[in-house]
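# Fold and geometry: a report
Now for the letters of each chain:
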Amino acid sequence: MQKWEGIVDNSPTPKRIWFGRLKETDAWEPLRKCDCKIINAAVNEGKKKALIEFGRATVDFEENVIRYNFYNAPTRMISSAVWFLKDHKSEKEVSLIPITSTVDEMLIEALYVQSKEKASSSASGDEVLLKDDKGYKAVILNYGGKLNIRRKPTSLISLLEGSTELQRGYDNYAIEGEEEESALGPVKHLSFIVHGIGEAMWRREDVKLPGLLETVELVRTSVNKKMYDSWKLECQRCQKRSEPMPKPPNRIEFIPIEWYDKIHSSSSALKKNLLSTTLGTIPKLRSIANDVIFDVLMYMTPEFCEDVLNCVTDQIIRLYDLFKSCNSDFTNGGSVSLIGHSLGSVITWDILSLLGDRLKQKSSKSGSFSNPIVVVDDDDDELKSFRLPHDSSEQAADVYKAYATESGVQVTNKRGTWGPSIVRKVSQTIPFVPKFTFFLGSPLGLFLTLRGARPSFDDLRLKEKRPLRIGKSSNSNVQPTSPFTLPSGAVYNIFHPSDPVAYRIEPLLLPEDFDDLNLPKPCFLMLDGKGLRLHVQARELGDSIAKTVTGLLSMTPSQRSIEKLPLPMVTKNKKSDELAIKFALGGKSERVDYQLQPGVVENEYISAVSAHTSYWMNDDLLEFFIQCANR
């Protein structure tokens with residue numbers, strides 16, 4: 001009986017493994033096992049295309065490429081193999097190089113099949129010339145009583161090169177995230193992530209920091225793993241109790257929204273002028289100004305603000321429809337959320353402001369709560385009601401500003417606005433109301449302050465006579481908050497305490513004369529069933545004691561009265577007499593500002609260096625997101 005070496009898959013029809021790579025010089029990397037199975041089935045059925053990576057990518061068999069459906073990632077070349085060259089890099093490290101030539105594969109397979117029918121002694125020495133791998137042949141050799149197939153050069157001059165062992169079938173392998181994602185149920189929640197400043201820099205090859213696409217992949221893998229691990233633990237508990245096994249949780253999909261190219265396109269005259277005027281000294285620092293700070297300055301100009309909003313809105317509309325076509329189960333009970341990071345949170349706010357204006361039109365024309373997209377002609381007078389009143393002497397008469405119009409309330413231009421300033425009317429909005437919205441490391445508080453939003457919010461409170469008074473009615477210190485809302489089930493402004501870019505939003509929703517001493521602290525981000533960590537509780541207690549002592553020392557003897565001390569702000573302590581304020585903007589969350597819990601040993605100045613980019617890998621934040629998506 002023949003004994004073979006290097007035959008991992010000895011079945012009559014070995015499993016075909018598929019590989020992808022970006023460039024000819026790159027090594028082939030195996031695709032997920034589940035994707036290989038899908039591709040093989042599609043090939044057998046004679047299909048021209050196949051969806052892989054759970055609908056995120058499409059294989060085109062006519063061009064042998066992988067194209068990504070929801071984001072602007074480079075097209076990858078694709079190939080398959082059942083025979084491989086074993087490259088021994090060291091005694092323990094062996095890499096498999098696929099033989100992607102169909103002709104050579106058939107020749108090697110035929111040699112192997114024919115040799116199996118012979119005796120070991122007669123099979124040894126059989127060979128076949130390879131067609132595409134010119135100058136080489138496949139030879140069957142007998143080493144220590146075992147047959148194996150090797151690739152050898154045909155030229156005598158190349159004999160010193162030696163031979164390379166061939167292997168049939170691919171070793172067992174694992175792609176990170178495949179097991180977890182494959183075990184989960186169909187996707188039931190979709191989240192669009194809008195990037196912030198500096199994406200043009202992060203996408204450069206000479207910059208090592210991850211860009212938006214890499215970040216989204218990391219977030220998806222981390223979220224899937226957390227849901228999978230939680231489900232497996234629950235399965236173990238049910239097994240011990242002899243209870244029915246729980247169903248696996250449904251997947252959550254993330255789609256990145258990119259807008260940086262609208263500003264940083266190398267073909268734009270603005271970018272060319274910027275580069276031509278940039279000094280040649282300290283180039284790395286100047287590139288930070290051109291690729292990072294430039295984003296903020298450009299978004300504050302009406303023309304580019306409009307371009308970015310249209311760019312983001314167009315992408316969300318197109319990708320939302322495409323996603324539903326690739327995931328038929330999603331249309332039955334699926335939900336959507338928005339995540340804006342850094343400047344992306346300001347863009348997200350502005351998009352929701354425009355959506356809010358559209359929804360307030362009731363069901364005029366084709367717009368409705370279920371399909372709020374309304375396309376209007378340039379000469380349409382419908383949007384006149386959305387223009388802020390302005391003085392004839394002002395130069396910004398043709399600049400549209402979004403604002404709320406509940407109950408006919410209008411905010412004067414002198415009082416400011418909370419929406420974007422753009423040149424032309426907005427023709428379309430996103431086609432859904434998000435289940436919730438996350439603002440991460442957001443400078444939104446700064447932008448709203450510059451826009452003069454606080455007086456506008458307060459005008460709504462006064463004119464609509466709809467104050468929200470929370471707490472005991474006998475407590476005279478309870479203050480009203482603005483009834484301003486966005487079309488989102490819940491709104492969370494989440495920030496790291498040391499993030500230098502992050503600002504609060506809640507103070508802007510309180511009256512301008514509200515006593516800052518009674519300003520509620522940001523809530524700590526806490527998971528369901530869990531409270532503050534012990535070290536955070538200890539720190540809060542120490543800060544509270546220090547604040548009280550400082551307040552007492554600063555008072556004169558006649559002022560030292562408990563009644564006159566600032567009231568501490570605790571949001572969810574309903575049993576106490578402490579002031580608790582709820583904000584309509586938060587929606588179901590009731591509060592808006594949430595801070596991440598700091599680590600046990602954490603210096604706020606050292607943490608400030610990395611705080612703005614730390615959100616995506618924060619365990620509390622990811623688990624909180626999962627809870628929000630599954631509620």
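Residues numbered from 1 in each chain as written. Predicted model: local features only at pLDDT ≥ 70, side-chain atom pairs only at ≥ 80, totals over all residues. Heavy atoms only, no water.

## Details of the nonpolar core
Core analysis: the biggest nonpolar cluster contains 78 residues, and F192, Y299, V312, I347, W349, F457 and L585 have the highest contact counts within it. At 10 residues, helix 10 (residues 302-326) tops the list of elements feeding residues into this core. Residues Y492, L527, L621 and F625 belong to the second largest nonpolar core, which totals 32 residues. (Core = buried A, V, L, I, M, F, W, Y, C linked by side-chain atoms within 4.5 Å. Buried < 20%, exposed > 50% of the residue type's maximum accessible area, 1.4 Å probe, protein only. Helix = DSSP H or I, 4+ residues; strand = E, 2+ residues; numbered from the N terminus.)

## Concerning unusual backbone geometry
Phi is positive for E53, which is not a glycine, with a value near 50°. Here E53 lies in the loop between strand 3 (49-52) and strand 4 (57-60). Residue classification places E53 among the buried positions, given a relative accessible area of 13%.

## Concerning the packing of aromatic side chains
Applying the stated rule across the entire model yields 26 aromatic pairs. With centroids separated by 6.1 Å and ring planes inclined at 55°, the aromatic side chains of Y228 and W231 adopt a geometry described as tilted. Taken together, the residues Y228 and W231, both in helix 6 (residues 212-240) and three residues apart, mark about one turn of the helix. Grouping residues by exposure puts Y228 and W231 together as buried. On the basis of an interplanar angle of 15° and a centroid distance of 5.2 Å, the ring pair of W418 and F457 is categorised as stacked. Placement of W418 in the loop between strand 16 (400-401) and strand 17 (421-422) and of F457 in helix 13 (residues 453-464) is noted, with a sequence separation of 39 residues between them. Residue F457 is classed as buried on the basis of its relative accessible area of 1%. (Phe/Tyr/Trp six-rings, centres within 6.5 Å; stacked < 30°, edge-to-face > 60°.)

## Concerning the sheet that holds strand 6 (residues 76-81)
Here we have six strands laid out as an open sheet, ordered 2-1-6-5-4-3, and antiparallel in their pairing. Of all the strands in the sheet, the pair left with one neighbour each is strand 2 (29-30) and strand 3. Contacting strand 1 (17-21), strand 3, strand 4 and strand 6, helix 1 (residues 33-44) runs over the sheet at an angle of about 165° to strand 3. (Pairing = 2+ DSSP bridges. Contact = heavy atoms within 4.5 Å. Axes fitted to C-alpha atoms, helices over the stretch in contact; angles between N-to-C directions.)

## Details of the pattern of salt bridges
Evaluation of the coordinates by the stated rule reveals 29 salt bridges. E253 is paired through a salt bridge with R56; the nearest N and O atoms lie 2.9 Å apart. Linking E253 in strand 14 (residues 250-257) with R56 in the loop between strand 3 and strand 4, this pair joins segments that are 197 residues apart in sequence. Overall, the relative accessible area of 1% leaves E253 in the buried class. (Salt bridge = Lys/Arg side-chain N within 4 Å of Asp/Glu carboxyl O.)

## Let's talk about helix 2 (residues 102-116)
In this model, helix 2 (15 residues) spans 21 Å end to end at C-alpha, consistent with the 21 Å of a helix rising 1.5 Å per residue. Of all the residues in helix 2, the buried ones are D104, E105, I108, E109, L111, Y112 and S115. Angularly, the buried residues of helix 2 cover 155° about the axis, an arc narrow enough to put them on a single face. In this structure, helix 2 carries T102 and M106 as exposed residues pointing more than 90 degrees from its buried face. (Expected span 1.5 Å × (residues − 1). Arc of directions from axis to C-beta.)

## Considerations on the packing of helix 10 against helix 11 (residues 343-359)
In the contact formed by helix 10 and helix 11, the axes pass within 10 Å of each other and the chain directions differ by 80°. On the basis of the axis angle, helix 10 is roughly perpendicular to helix 11. Seen from helix 10, the contacting residues are V308, L309, V312 and T313; seen from helix 11, they are I347, D350, I351 and L354. Across the contact of helix 10 with helix 11, the residue classes tally to six nonpolar, one polar and one charged. (Parallel < 35°, antiparallel > 145°, perpendicular 65-115°, else oblique. Nonpolar A, V, L, I, M, F, W, Y, C, P; charged D, E, K, R; others polar.)

## Section: the sheet that holds strand 7 (residues 83-88)
Read across the open sheet, the six strands follow the order 8-7-12-11-10-9; overall the sheet is antiparallel. Every interior strand has two partners, whereas the edge strands, strand 8 (94-98) and strand 9 (127-129), have only one. Each strand axis lies, on average, 35° off the axis of its neighbour in the sheet, ignoring direction. Here strand 10 (residues 136-143) pairs with strand 11 (residues 146-153) via eight bridges, running antiparallel.

## Examining helix 6
With 29 residues, helix 6 should cover 42 Å at 1.5 Å per step; its first-to-last C-alpha distance of 42 Å lies within 8% of that length. Looking at the residues trailing helix 6, positive phi occurs at S242, about 60°.

## Some details on the side chain of S482
If you trace the backbone, S482 turns up in the loop between helix 13 and strand 19 (491-495). The buried category is assigned to S482, whose relative accessible area is 1%. A polar contact of 2.9 Å, which involves the side chain of S482, links it to the backbone oxygen of F457. A polar contact is formed between the side chain of S482 and the backbone nitrogen of F484, at a distance of 3.2 Å. (Polar contact = N/O pair within 3.5 Å; in protein donor to acceptor, adjacent residues only side chain to side chain.)

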